[in-house]
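Here is what each chain is made of, one letter per residue.
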Amino acid sequence: MNKLNVSLSPHVKDKDSVPKIMYGVIIALIPALLVSVYFFGLDALRVQAIAIISCILFEWLIQKFLIKGQNTIPDGSAVLTGMLLAFNVPANLPWWIMVIGALVAIGVGKMSFGGLGKNPFNPALVGRVFILISFPVQMTNWPKISVLNFTGIDAETGATPLAIMKEGLANGEKVSDIMSSMPTSLVDMMTGQMGGSLGEISAIALIVGGIYMLWKKIIPVHIPLSIFASIALFAGVMNLIDPTAYAGPAFHLLTGGVMLGAIFMATDMVTSPMSKKGMWIYGVGIGVITVLIRVWGAYPEGISFAILIMNGFVPLINNSIKPKLFGKVKEK
Amino acid sequence: MDDLTIVLLTLATLSGLGIILALILYFVAQKFKVVEDPRIDEVDELLPGANCGGCGYPGCRAFAEACVTTDNLDAFYCPVGGNELMKNVADALGAEVSEKEPQVAVVKCQGSPEHRKDIREYDGPQNCAIAHSLFGGTTDCANGCLGLGDCVEVCTFDAIHMNPDTKLPDVIEDACTACGACIDACPRDIIELRNVGKKSRRIYVSCVNTDKGAPAKKACDVACIGCGKCVKICPFDAITLENNLAYIDYEKCKLCRKCVPECPTNAIVELNFPPRKPKAEKPAGEKTPKTEAKAKKTVAAEKTEETKPNTNQDK
Amino acid sequence: MLKTFPKGGVHPAENKMAATAEIQSLPLPKQVVIPLAQHIGAPAQAVVKRGDVVKTGTLIAKASGFVSANIHSSVSGKVKKIDNVLDSSGYKKPSIIIDVDGDEWEENIDCDPALINDLSKTPEEIKQKIMEAGIVGLGGATFPTHVKLSIPEGKSIDHIIINAVECEPYLTADHRVMLEKAHEIMLGTSLIMKATGVDKAIIGIENNKPDAIELLSKIAKEYKGIQIDTLKVQYPQGGEKQLIKAVLDREVPSGGLPLDVGCVVQNVGTAIAVYEAVQKNKPLIERVVTVTGKSVNKPINLMVRIGTSANELIEAAGGLPDDTGKVVNGGPMMGKAISDTNVPVTKGTSGILIFNTQESKRAKIYNCIRCARCTFVCSQGLEPFNLKNIAEINDWEKLEKEHVMDCIECGSCSYTCPAGVPILDYIRLGKSTVSQIIRSRKK
């Protein structure tokens, strides 16, 4: 007879596991990946590959030689960080900047805190913001979309809608004039025919991924919903006050990284709040800060910074918002 | 404004600021100064600063305060610094203190896989307290060491480590300060503080099994079966038998070694003694020939080959 | 909308393969081992010694104190010895070992299965008979019933709740007794109502037992004051506090008892035991145990004498499968893995579950990814990940402040954690240390 296994209860377990969650998110990113390849060609794959391989390599090296712990690559989080990092950069980014981004994302953003689950800030965003600030020129040199460009010849570059809007407003033009002179319409922004980073261009592809994750219960609906609602509300109110100076909610929701950020980056479990109420506060904070930076800040896009700032508040949110205890505390 | 003026103004401003702030700090420090007996600082300087709690006080500073305010230093002992330190403290305070026997942690279990077979598996956190609440263990001895290392976790002096071959903890005598942390951590009271002994020699029953003889022996072949032969042979009445388990009182034990060969299961361990002379019944503890100059004071493993009683003397 | 508790809970696979197996009596064993500590409270003290001859139903150990219970012999024969024997706690505990000889019952026990529905005994008489018969909660908690039914001064109750939920997967003992002893349940409930001076009782049943719900709803009409409530299938619906919230919408205060919200909860098996004790003078000497598992040949519900070795039950279910990895006493969520199959069935044994080696392996452990699922499923409103972290660093004071003593140890947190963190193991460690600290503070 075998030796009996003795362990504490419970003796059954549901089917979910960390790798399943990570791979679930990766699957949800596939529509956006396909769109990025369609619009940016081989460059998109190149950037993805460099990001993913660098992230895996750095995590494996750090885990093996610095931390001297078990191999953590199979849990899928390094692959996911690599993919998300790649989605946040332009398709024509030089390979060495991508590698630096991966090094900072994994080394500083994740492993320096102790590995998976211990980092307060979203690693992909840490890496992205680092290379944005260090290499601003290359990180804002957005390629124009060139459908199914597999020739590898570099495409032309052009500004993103957000950048166009920002510059235009700074020059004193009216919102409606800027919108009509823009090469992309709102419909184009939904499907992906606009300039931008790899992952942020197609709202539809990202929403499809989001619905998949909601179905699999990987992300809560509260975070994306609160971000969209607060951006739409804030931008909508400003637009009502002065439609010539402030762009409307549809514009803000569809341009830049809002879709990507709200559905994939802000919902990262490790760095988001652990209560539903907390998630609302977090989402509203992100939305407000994003619009603030976009309208009054120096950068045309603010969601990366907004998410990182709110990540910093998450421990405070977690400590202040506790679940309701069953039964009032008994009077002594 | 020319450059020289700027530099001079900067220097002046910063220096002035520095001086003003320093003066503020000085006056505040004087106003809110806590008046303490200066002897507490003196004694605190002498203490090792490990804050291990072995003295029974929450940290060295608290111990220093207690020493200064007491009448009788005999009730106070820092196991890390030992008798030497207590003498220094006594001198600093102009008092007297009596010497105490140094002690060391002793692991009273020999149940390695060689002697105690695993009959079931454990799946759970590597934590003795948790495993202890779950079941008796992976072997048939429900009192024995679980090998999950709560004692190792809690030692702040790096004096106890889990031996990967025997799956039992080994105490490094030189590093052990007898602070008592591992004694508290062990959920089964397997570790005990015992006197270090002259020349680091100690004799103890290395077993805590309270089962009757037959199940004890079946579970582990070096278990104490409670036969009582050691009790009978001890000339100093140092051994008592309770709950099928023998115990040697280290205050009464004179290290004569008579009990060790009596034990039918080799449950009694003699540490750091020279090997017995064949055919001699001479009790050890007497002066030993030069070959024994290597009385091991350095690393004292809990169970070493040379301390097993020499069975040459039975025919 | 089915009634349920509002927050948390999980839905493990039900696996009720023994639900259609009618209760069979296990043949008498050759020897029984009856531990002296089968209940919450002080262990009973033996009143027999080696060599004494006993009959089925003879008192062999007396309750020591108020929170304790009598123990009776479940067989007739001779006391072989009183010794320390391995039981499902994993340790050897004092037990009375009896060699079986025939099956002679004490004269005053009425063995006739006919229903006795004369409820004229006084509440005091009912409680006295319950205490004498050594009845304890048969849901698994084994709290002495006469203590639960003694309402202290200043408290009053208005409802009796009968827990027929059986929310644990695999177990079907309660389901079968509902189908086979429905009238006894009603009579037992009526006796409990009389003993506590209450005129309303609710029997809560989970929705996955439609035949039991139908039968009991029909029969309840013949008895005064008893209502059947159908509950949503959600674990831990059968937890006392969750059940009270579901049927009465009252929350037992943190650190309090059901008495504080005016009700008392009893398991449906206990209700039957009360009926048998009061009306038939039958002490608690046997109970229904489910033996089941995915690899078991014949999942079965057995009426077993207390003290029978689990080996006999496993034999009756077709023998121990070759690839057995773990055997559990109780349900899969809260039951105890036993160290050896030769342990006695006690008053609290509701099931023997057999898991194969594949099922027995615990999930791979990753770092906590702060997904908060444990918090979302905790029906007590606690933060299990936080309790685990605090217990790991041994900060017992903080743990007490975080209401660790409110944890009902249902296991939903460990069940659902995607990182496989053994959350409940650490919470248990915390609870036992904190309760020791609380006890020493009271001294």
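This structure is a prediction, so every number in the text was calculated from the model and none was measured.

## Quick notes on the overall build of chain B
Here's step 1: A count of helical and extended segments in chain B gives 10 helices and 9 strands.
Here's step 2: Per-residue burial over chain B gives 40% buried out of 315 residues.
Here's step 3: Put simply, of all contacts in chain B between residues at least 6 apart along the chain, 59% involve residues at least 24 apart.

## What about the domain arrangement of chain A?
Residues and elements named next belong to chain A.
Here's step 1: The domain architecture assigned to chain A consists of domain 1 (19–139) and domain 2 (161–319).
Here's step 2: Its C-alpha centre places domain 1 at a distance of 21 Å from the equivalent point of domain 2.
Here's step 3: Every contact between the two is made by 36 residues of domain 1 and, on the other side, 31 residues of domain 2.
Here's step 4: Roughly 2,600 Å² is buried in total at the junction of domain 1 and domain 2, and carbon and sulfur atoms are behind 77% of that figure.
Here's step 5: Connecting domain 1 to domain 2 are 0 salt bridges.
Here's step 6: Along the contact surface separating domain 1 from domain 2 lie 3 residue pairs in polar contact (both at pLDDT 80 or more).
Here's step 7: When residues of the side of domain 1 that touches domain 2 are traced back to their parent elements, those giving at least two are α1 (18–28), α2 (30–40), α3 (42–67), α4 (77–87) and α6 (123–134).

## Let's talk about the interface of chain A and chain C
Here's step 1: Listed as interface residues are 45 residues of chain A and, on the opposing side, 66 residues of chain C.
Here's step 2: Of the roughly 4,500 Å² buried between chain A and chain C, counting both surfaces, carbon and sulfur atoms make up 58%.
Here's step 3: On the chain A side of the contact with chain C, A:His11, A:Met274 and A:Phe326 bury the most area, a combined 19% of that side's loss.
Here's step 4: Between the two partners, chain A and chain C, sit 4 salt bridges.
Here's step 5: Between A:Lys324 and C:Glu251 there is a salt bridge, with the nearest N and O atoms lying 3.5 Å from each other.
Here's step 6: Across the chain A-chain C interface, the total number found is 21 residue pairs in polar contact (both at pLDDT 80 or more).
Here's step 7: Elements that contribute at least two residues to the side of chain A that touches chain C include exactly β1 (4–6), α1 and α15 (276–296) of chain A.
Here's step 8: Among the residues making up the side of chain A that touches chain C, the classes are represented as 21 nonpolar, 12 polar and 12 charged.

## Side note on the pairing of strand β13 (residues 286–292) of chain C
All names here are of chain C.
Here's step 1: With respect to burial, β13 is a largely interior element, 7 of its 7 residues being buried.
Here's step 2: Because side chains alternate across β13, one face comprises the buried residues Glu286, Val288, Thr290 and Thr292, and the other comprises Arg287, Val289 and Val291, equally buried.
Here's step 3: Two strands pair when backbone bridges link them, and β13 and strand β14 (residues 300–305) are joined in this way by 6 bridges, in the antiparallel orientation. Across the sheet, valine 288 pairs through a bridge with methionine 303, a residue of β14.
Here's step 4: Across 3 bridges, β13 lies against strand β17 (residues 351–356) in parallel orientation. If you follow threonine 292 over to β17, its bridge partner there is leucine 353.

## Considerations on the environment of C:Val165
Residues and elements named next belong to chain C.
Here's step 1: Tracing the backbone through its elements, the reader meets valine 165 in the loop between β9 (159–163) and α3 (173–180).
Here's step 2: Separated by 126 residues in sequence, valine 165 and valine 291 have C-alpha atoms that sit 19 Å apart.
Here's step 3: Those residues in contact with valine 165 that lie beyond four places of it in its chain are Gly204, Ile205, Glu206, Lys209, Leu231, Gln237, Gly238 and Leu243.

## Looking at the nonpolar core
Here's step 1: Counting 131 residues, the largest nonpolar core has A:Phe264, A:Tyr282 and A:Ile286 as its most contacted members.
Here's step 2: Of all hydrophobic cores here, the second largest spans 49 residues; its members include C:Ala69, C:Ile160, C:Leu191 and C:Ala277.

## With respect to the side chain of C:Thr196
Here's step 1: On the secondary structure map, C:Thr196 appears in helix α4 (residues 182–196).
Here's step 2: A distance of 2.9 Å separates a polar atom in the side chain of C:Thr196 from the backbone oxygen of C:Ile192.

## Examining the sheet that holds β17(C)
Here's step 1: As summarised here, the arrangement of the 6 strands in space is β1-β14-β13-β17-β15-β16 (chain C), forming an open sheet in which the pairing is mixed. Every interior strand has two partners, whereas the edge strands, β1 (24–25) and β16 (336–337) of chain C, have only one.

## Looking at the side chain of C:Thr324
Here's step 1: Structurally, C:Thr324 can be placed in strand β15 (residues 324–329).
Here's step 2: Those residues in contact with C:Thr324, other than ones at most four positions away along the chain, are A:Asn2, A:Leu4, C:Ile354, C:Phe355, C:Asn356 and C:Thr357.

## Quick notes on the sheet that holds strand β3 (residues 45–46) of chain C
Residues and elements named next belong to chain C.
Here's step 1: With respect to topology, 3 strands assemble into an open sheet ordered β3-β5-β6, the strand pairing being antiparallel. Each of the sheet's edge strands pairs with one partner strand only, and the pair in question is β3 and β6 (71–72).
Here's step 2: As paired elements, strand β5 (residues 59–62) and β6 share 2 bridges and run antiparallel to each other. Bridge assignment links alanine 61 to a residue of β6, and that residue is isoleucine 71.

## Some words on the interface of chain A and chain B
Here's step 1: Contacts between the two partners involve 6 residues from chain A and, on the opposite side, 9 residues from chain B.
Here's step 2: The junction of chain A with chain B conceals about 730 Å² of combined surface from both sides, 63% of it contributed by carbon and sulfur atoms.
Here's step 3: It is A:Lys3, A:Val6 and A:Leu8 that lose the most area in chain A upon contact with chain B, and together they represent 69% of the buried surface on that side.
Here's step 4: Here chain A is connected to chain B by 0 salt bridges.

## Observations regarding the domain arrangement of chain B
Residues and elements named next belong to chain B.
Here's step 1: Annotation of chain B at the domain level lists domain 1 (38–93) and domain 2 (103–271).
Here's step 2: The distance between the C-alpha centroids of domain 1 and domain 2 comes to 32 Å.
Here's step 3: Across the contact, 5 residues belong to domain 1 and 5 residues belong to domain 2.
Here's step 4: With both chains or domains summed, domain 1 and domain 2 bury close to 360 Å², and 71% of this area falls on carbon and sulfur atoms.
Here's step 5: It is Cys52, Pro79 and Val80 in domain 1 that bury the most area against domain 2; as a group they hold 73% of the surface buried on that side.
Here's step 6: At the boundary of domain 1 and domain 2, one finds 0 salt bridges.
Here's step 7: Across the domain 1-domain 2 interface, the total number found is 0 residue pairs in polar contact (both at pLDDT 80 or more).

## Points about α4(A)
Residues and elements named next belong to chain A.
Here's step 1: Within α4, 11 of the 11 residues are buried, leaving the element largely enclosed by the surrounding structure.
Here's step 2: For α4, the set of buried residues is Ser77, Ala78, Val79, Leu80, Thr81, Gly82, Met83, Leu84, Leu85, Ala86 and Phe87.
Here's step 3: On its buried side, α4 packs onto α1, α2, α3, α5 (95–108), α6 and α14 (258–265).

## Focus: unusual backbone geometry
Here's step 1: Of note, the bond from A:Ser9 into A:Pro10 is cis; its omega dihedral lies within 30 degrees of zero at -5 degrees.
Here's step 2: Mapped onto the secondary structure, A:Pro10 falls in the loop between β1 and α1.
Here's step 3: Residues C:Tyr235 and C:Pro236 are joined by a peptide bond in cis, for which omega reads 0 degrees.
Here's step 4: Assignment of secondary structure puts C:Pro236 in the loop between β11 (226–231) and α6 (240–248).
Here's step 5: Positive phi values are uncommon outside glycine, yet B:Asn266 reaches one of about 60 degrees.

## Observations regarding the confidence of the model for chain A
Here's step 1: When pLDDT is averaged along chain A, the result is 89, and 95% of the positions lie at 70 or above.
Here's step 2: Per-element averaging of pLDDT across chain A places helix α10 (residues 186–191) of chain A at the bottom with 75 and α5(A) at the top with 96.

## A word on the environment of B:Lys252
Residue and element names in this part refer to chain B.
Here's step 1: As for its placement among the helices and strands, lysine 252 is situated in the loop between β8 (245–248) and α10 (259–262).
Here's step 2: Expressed as a C-alpha distance, the spacing of lysine 252 and isoleucine 239, which sit 13 residues apart in the sequence, is 8.6 Å.
Here's step 3: Sequence-distant contacts of lysine 252, defined by excluding residues within four places in its chain, comprise Phe236, Asp237 and Ala238.

What counts, and where the lines are drawn
Residues numbered from 1 in each chain as written. Chains lettered and ligands numbered in written order. Predicted model: local features only at pLDDT ≥ 70, side-chain atom pairs only at ≥ 80, totals over all residues. Heavy atoms only, no water. Helix = DSSP H or I, 4+ residues; strand = E, 2+ residues; numbered from the N terminus. Buried < 20%, exposed > 50% of the residue type's maximum accessible area, 1.4 Å probe, protein only. Contact = heavy atoms within 4.5 Å. Domains from an automatic or database assignment. Buried area = accessible area lost by both parts, 1.4 Å probe. Salt bridge = Lys/Arg side-chain N within 4 Å of Asp/Glu carboxyl O. Polar contact = N/O pair within 3.5 Å; in protein donor to acceptor, adjacent residues only side chain to side chain. Nonpolar A, V, L, I, M, F, W, Y, C, P; charged D, E, K, R; others polar. Pairing = 2+ DSSP bridges. Core = buried A, V, L, I, M, F, W, Y, C linked by side-chain atoms within 4.5 Å. pLDDT = per-residue confidence, 0-100.

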